[in-house]
Amino acid sequence: MSNEAQLTTMEMHAADALLTEQDVVFNKPSHWQLAKTDLIDGALRWRIWFMLAYQDIKLRYRRSLLGPFWLTISMAITVYSMGYLYAHLFHAELSHYYPFLVAGMLSWSLLSTIVTELTEGWTAFDSFIKQVKLPYSLYMHRIACRNLLIFFHNVLVMIPVYLIFFHEVRINLNTLLVIPGLIAIYLNTILYGLALSMIGARFRDISQIIKSFVGVIFFVTPVMWTPDLLGSKKYLVDLNPFYAFIELIRQPLLGGTPTLKNILVVTLATLFGAFIGLKLFTRYRARIIYWI
Amino acid sequence: MARIDLRDVSVDFPVYNVHARSLKKNFLRVATGGNVSEDTNHHVVVRSINRLNLSLRHGDRLGLIGHNGSGKSTLLRLLARIYEPTEGDFNIEGHVSPMLEIMHGIEAEFTGYENIYIRGTVLGLTRQEIKQQVDSIAELTGLGDFLAMPVRTYSSGMMVRLVFAISTSIKPEILLIDEVFGAGDADFMEKARNKMISLLNQSSIVVMATHADVLIKEFCNKALLLDGGKLKYFGSVDTALKLYHQKENVSN
């Protein structure tokens, strides 16, 4: 009994001491300000995301003799064998079809891996996020950067193509257009990543749905087949944003340029991505930690 | 000067894979853990910090006391800005150095040195800054040539040495510690203790959660007793510990 009485008085005593000092002014930044800080901070901490991205690749090929060049080799095995077989299937000129397919597969594997990984942009790193406070956008840079590094390994499979089919494809000034293409893809990875990772964290089925869709998109997008095979239905391809993004990389690799239509679609897709990504991120950024 | 202010801060965890209906009626108010309830969308919500007020200033060394699930770790993560409060206002001025689950982020395939670089980078250091510190870290671990070997070859004691040396190589303003770790042999414990004390002395504000009364009595000048996410007592260490143990006896 006396114990209980003691407890009550002590609790009352506690109530006096615990009050937050009254003179404290709380600054209440808006959702948008916090989101903006996160985005800027995430980009500025390039040391961290670059290190993490590099570490991801290094870790995967630890103790293997060739290291990350296994990426190049497995890509080479896939595209070289596919190229030969499908040129016959489509009755296409080998010297024409082969470079087209190799460059297309390079672009496709970059895009498809990014999309798949973005659906788990935060959930994949949950233990990290729960231990260290880092900007959420930093993980988008990690994924984008990691996939670009992989792309730079993969792109080496183009070298034999340039050597063998030198009269069909060549490295010229247009090839430099790969750089703005990659920048556009990087930017879109961040923007769409904010949206996809957000939805993927809250609704776990979404990432599974998107993953299975990526498989379908491969077949409906001109990666293996050329758009002119569609004849009068060619508009189906022009509306496909994946096609536009693939052309952004494939055409420069083949020494050509993407069409204005491609660039227009990419621009629209980027604007849409900026809208939806920033909107969702501003609105739900603070909830991410509770969802992952 | 570092300072922490919380006003009416609450943290609610949504739990999505549990159906409200499958829980017992009138949700249990359990001995451990926060309050389980239901939100407007019929999701189960666990309130793990409940309307907490707190002000800490330079020189404060706060010990968090409470049962498992009373909200100690959540509060530490809140102060580390990992969780954002679902309600209430908070101000935290000063660089926060959390030492929560320190084993986390250690890559078994990488060598001790590589792990030092990785952790250093995550903590925001440049390569140059890490280079300057790497020798003193290496010395504290006492692992010698083992640092050039993959961490998976380490014994658990060696692992603790590495992790401890890396995590204490910081210059903290606000230091957050969850369950002070004790492992390793006597020789290392002595070193670790000295390092820990110097770390505590360097920091402006320290908040530590532990079940070891001795540590709280030795290192803290204030204590906060949490129960089900609610502040039960804030003030002197002795009173808080007394209340904590008293409550245990009453409930027994």
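For every chain, the first residue of the written sequence is number 1, and numbering continues from 1 onward in sequence order. By the order in which they are written, chains take letters starting at A while ligands take numbers starting at 1. Local features are withheld for residues below a pLDDT of 70 in this predicted model, meaning they are given only at 70 or higher, and side-chain atom pairs are given and counted only at 80 or more; totals for whole chains, interfaces and linings count all residues. Neither water nor hydrogens contribute to the side-chain values; these are computed over all heavy atoms in the structure.

Peer 1: Is there a simple way to think about the layout of surface pockets in this case?
Peer 2: Regions of empty space are outlined by a rolling probe, equal in size to a water molecule, passed over the atoms. As a volume, the largest pocket reaches approximately 1500 Å³. With a 1 Å grid laid over protein atoms only, a set of points is called a cavity when a 1.4 Å probe fits there but cannot get out and a pocket when it is open yet has protein on both sides within 12 Å along at least five of seven lines; lining residues have an atom within 4 Å of a point. Together, 48 residues line the largest pocket, and K133(A), A80(B), R81(B), E84(B) and F90(B) are the ones closest to its centre. Contributing elements (two or more residues each) for the lining of the largest pocket: α2 (31-44) and α13 (260-284) of chain A together with β5 (87-93), β6 (96-99) and α3 (127-141) of chain B. Helical segments are the DSSP runs of H or I of at least four residues, strand segments are the runs of E of at least two, and each set is numbered from the N terminus. The biggest single contributor to the lining of the largest pocket is β5(B), with seven residues. Each residue gets one label: Ala, Val, Leu, Ile, Met, Phe, Trp, Tyr, Cys and Pro are nonpolar, Asp, Glu, Lys and Arg are charged, and the others, such as Gly, are polar. Considered class by class, the residues forming the lining of the largest pocket number 18 nonpolar, 15 polar and 15 charged. Here the lining of the largest pocket spans two domains, and each of domain 1 (3-94 + 210-251) and domain 2 (112-203) of chain B adds at least three residues to it. Grid points are joined across faces, edges and corners, and a volume is the space filled by probe spheres set on the points. The split into domains, and so the bounds of each, comes from an automatic or database assignment of domains.

Peer 1: Whenever I open this one, the nonpolar core confuses me. Can you help?
Peer 2: Nonpolar side chains in soluble globular proteins tend to end up buried together. Nonpolar cores were defined as sets of buried Ala, Val, Leu, Ile, Met, Phe, Trp, Tyr and Cys residues, with membership established by side-chain atoms within 4.5 Å. Burial status follows relative accessibility: with a 1.4 Å probe on protein chains alone, a residue under 20% of its type maximum counts as buried, one over 50% as exposed, and anything between as partly exposed. Counting residues in each nonpolar core, the largest one holds 120 residues, and the members touching the most others are W122(A), M158(A), F281(A), L6(B), L75(B) and V207(B). Per-element tally for this core: the top contributor is helix α5 (residues 94-118) of chain A, with 14 residues. Each of two domains, domain 1 (3-94 + 210-251) and domain 2 (112-203) of chain B, supplies a minimum of three residues to this core. Contacts of L75(B), omitting those with residues within four sequence positions, involve L6(B), I49(B), L52(B), L64(B) and L226(B). In terms of nonpolar packing, the next biggest core, distinct from the first, is built from 43 residues, I65(B), L162(B), L175(B) and L200(B) among them. Contacts: residue pairs with any heavy atoms within 4.5 Å of one another.

Peer 1: Explanation requested: the side chain of N91(B) in the structure shown.
Peer 2: Mapped onto the elements, N91(B) comes out in strand β5. Classification of N91(B) by relative accessible area gives buried; the value is 8%. With sequence-adjacent residues up to four places away left out, N91(B) is seen in contact with V24(A), V25(A), F26(A), N27(A), R3(B), I4(B) and D5(B).

Peer 1: Where do I start with the environment of S127(A) in this structure?
Peer 2: Residue and element names in this part refer to chain A. Within the secondary structure, S127 is located in helix α6 (residues 126-129). S127 gets classed as partly exposed once you look at its relative accessible area, which sits at 41%. Each C-alpha atom, one on S127 and one on I292, is 9.1 Å from the other, the two residues being 165 residues apart in sequence.

Peer 1: Teacher, can you tell me more about α13(A) here?
Peer 2: Since one α-helical turn is 3.6 residues long, residues separated by three or four positions face the same way. Residues and elements named next belong to chain A. The terminal C-alpha atoms of α13, which comprises 25 residues, lie 36 Å apart, in line with the 36 Å expected from a rise of 1.5 Å per residue. Considered for burial, the residues of α13 that qualify are N262, V265, V266, A269, T270, G273, G277, L280, F281 and T282. The secondary structure elements touched by the buried residues of α13 are α2, α9 (178-202), α11 (235-238), α12 (241-253) and α14 (288-291). For a helix, the expected span equals 1.5 Å multiplied by the number of residues minus one.

Peer 1: Could you clarify how one ought to interpret α3(B) in this entry?
Peer 2: Residue and element names in this part refer to chain B. Taking 1.5 Å of rise per residue, the 15 residues of α3 would be expected to cover 21 Å, and the 20 Å separating its terminal C-alpha atoms lies within 8% of that figure. Regarding α3, the residues found buried are I130, Q133, V134, I137, A138, L140 and T141. Each element contacted by the buried residues of α3 is listed here: α2 (112-122), α4 (156-167) and α5 (186-202).

Peer 1: Can you help me understand the packing of α2(B) against α3(B) in this one?
Peer 2: Helix packing geometry: the angle between the two helix axes and the distance between the axes. Residues and elements named next belong to chain B. Here an axis means a line fitted to C-alpha atoms, over the contact stretch when the element is a helix, while the angle between two N-to-C directions is reported on a 0 to 180 degree scale. Contact pair α2 / α3: the axes reach a minimum separation of 10 Å and the direction vectors enclose 130 degrees. By the angle class used here, α2 and α3 are oblique. As for how α2 packs across α3, the hand of that crossing is right-handed. Taken together, the residues of α3 that come into contact with α2 (itself represented by Y113, I116, Y117, G120 and T121) are R127, I130, K131, V134, I137 and A138. Of the residues that constitute the contact of α2 with α3, the class distribution is seven nonpolar, two polar and two charged. For classification purposes, angles smaller than 35 degrees are called roughly parallel, those larger than 145 roughly antiparallel, those between 65 and 115 roughly perpendicular, and all remaining angles oblique. For a crossing to be left-handed, the near helix must be turned anticlockwise from the far one by less than a right angle; the clockwise case is right-handed.

Peer 1: Help me out: how do you make sense of a nonpolar patch on the surface in this one?
Peer 2: Residues and elements named next belong to chain A. A contiguous nonpolar surface patch, about 1000 Å² in accessible area, is contributed by L65, L66, F69, W70, I73, I77, L156, I159, L163 and I164. Looking at the nonpolar patch, the elements with two or more residues in it are α4 (69-89) and α8 (158-164). For F69, the location among the structural elements is in helix α4. Owing to a relative accessible area of 41%, F69 belongs among the partly exposed residues under this scheme. Patch members must show over 30% relative accessible area and no salt bridge, and they are joined within 9 Å when carrying like charges or within 5 Å when they are nonpolar side chains of Val, Leu, Ile, Met, Phe, Trp or Tyr. Accessible areas in this description were obtained via Shrake-Rupley with a 1.4 Å probe; residue shielding takes into account the shown protein chains only. Each reported salt bridge corresponds to a side-chain nitrogen of Lys or Arg within 4 Å of a carboxyl oxygen of Asp or Glu.

Peer 1: What is the right way to read the packing of α3(B) against α4(B) from this model?
Peer 2: All names here are of chain B. Interaxial distance between α3 and α4 falls to 8 Å at its minimum, and their mutual angle equals 145 degrees. Viewed along their axes, α3 and α4 form a crossing whose handedness is right-handed. Seen from α3, the contacting residues are I137, L140 and T141; seen from α4, they are R161, L162, F164, A165 and I166. Residues that form the contact of α3 with α4 fall into these classes: six nonpolar, one polar and one charged.

Peer 1: How should the domain arrangement of chain B be read in this particular structure?
Peer 2: Where interface size is quoted, it is often the accessible area lost as the parts come together. Residue and element names in this part refer to chain B. When its domains are assigned, chain B resolves into domain 1 (3-94 + 210-251) and domain 2 (112-203). Each partner contributes to the interface: domain 1 provides 15 residues, whereas domain 2 provides twelve residues. Note on definitions: buried area is the accessible-area loss of two parts on being combined, 1.4 Å probe, summed for both. In total, domain 1 and domain 2 occlude about 1100 Å² of area from one another, counting both sides; carbon and sulfur atoms represent 60% of this. Looking at the side of domain 1 facing domain 2, the largest losses of area belong to R61, L76 and F219, adding up to 41% of the total buried there.

Peer 1: Would you mind going over the packing of aromatic side chains with me for this structure?
Peer 2: For any pair of aromatic rings, the description rests on two quantities: the centre-to-centre distance and the angle between the ring planes. Residue and element names in this part refer to chain A. Ring geometry is summarised as follows: Phe, Tyr and Trp rings, the Trp one being its six-membered ring, pair when their centres sit within 6.5 Å, and such pairs are stacked at plane angles under 30 degrees, edge-to-face over 60 and tilted between the two. Per the counting criterion, the structure on display carries 19 aromatic pairs over all chains. Their ring planes at 45 degrees and their centres at 5.5 Å tell us that W108 and F218 sit as a pair that is tilted. One end of the pair, W108, is in helix α5; the other, F218, is in helix α10 (residues 204-220), and 110 residues separate them in sequence. With a relative accessible area of 7%, W108 lands in the buried category. Among the aromatic residues, ring-to-ring pairing joins Y86, F90, Y97 and F100 into one connected group. Counting as a charge over the ring demands two things of the Lys NZ or Arg CZ atom: a distance within 6 Å of the ring centre and an angle within 35 degrees of the ring normal. Over the face of the ring belonging to F128 we find R142, whose NZ or CZ atom lies 6.0 Å from the ring centre. The ring of Y284 has R283 lying over it, and the distance from NZ or CZ to the ring centre is 4.8 Å.

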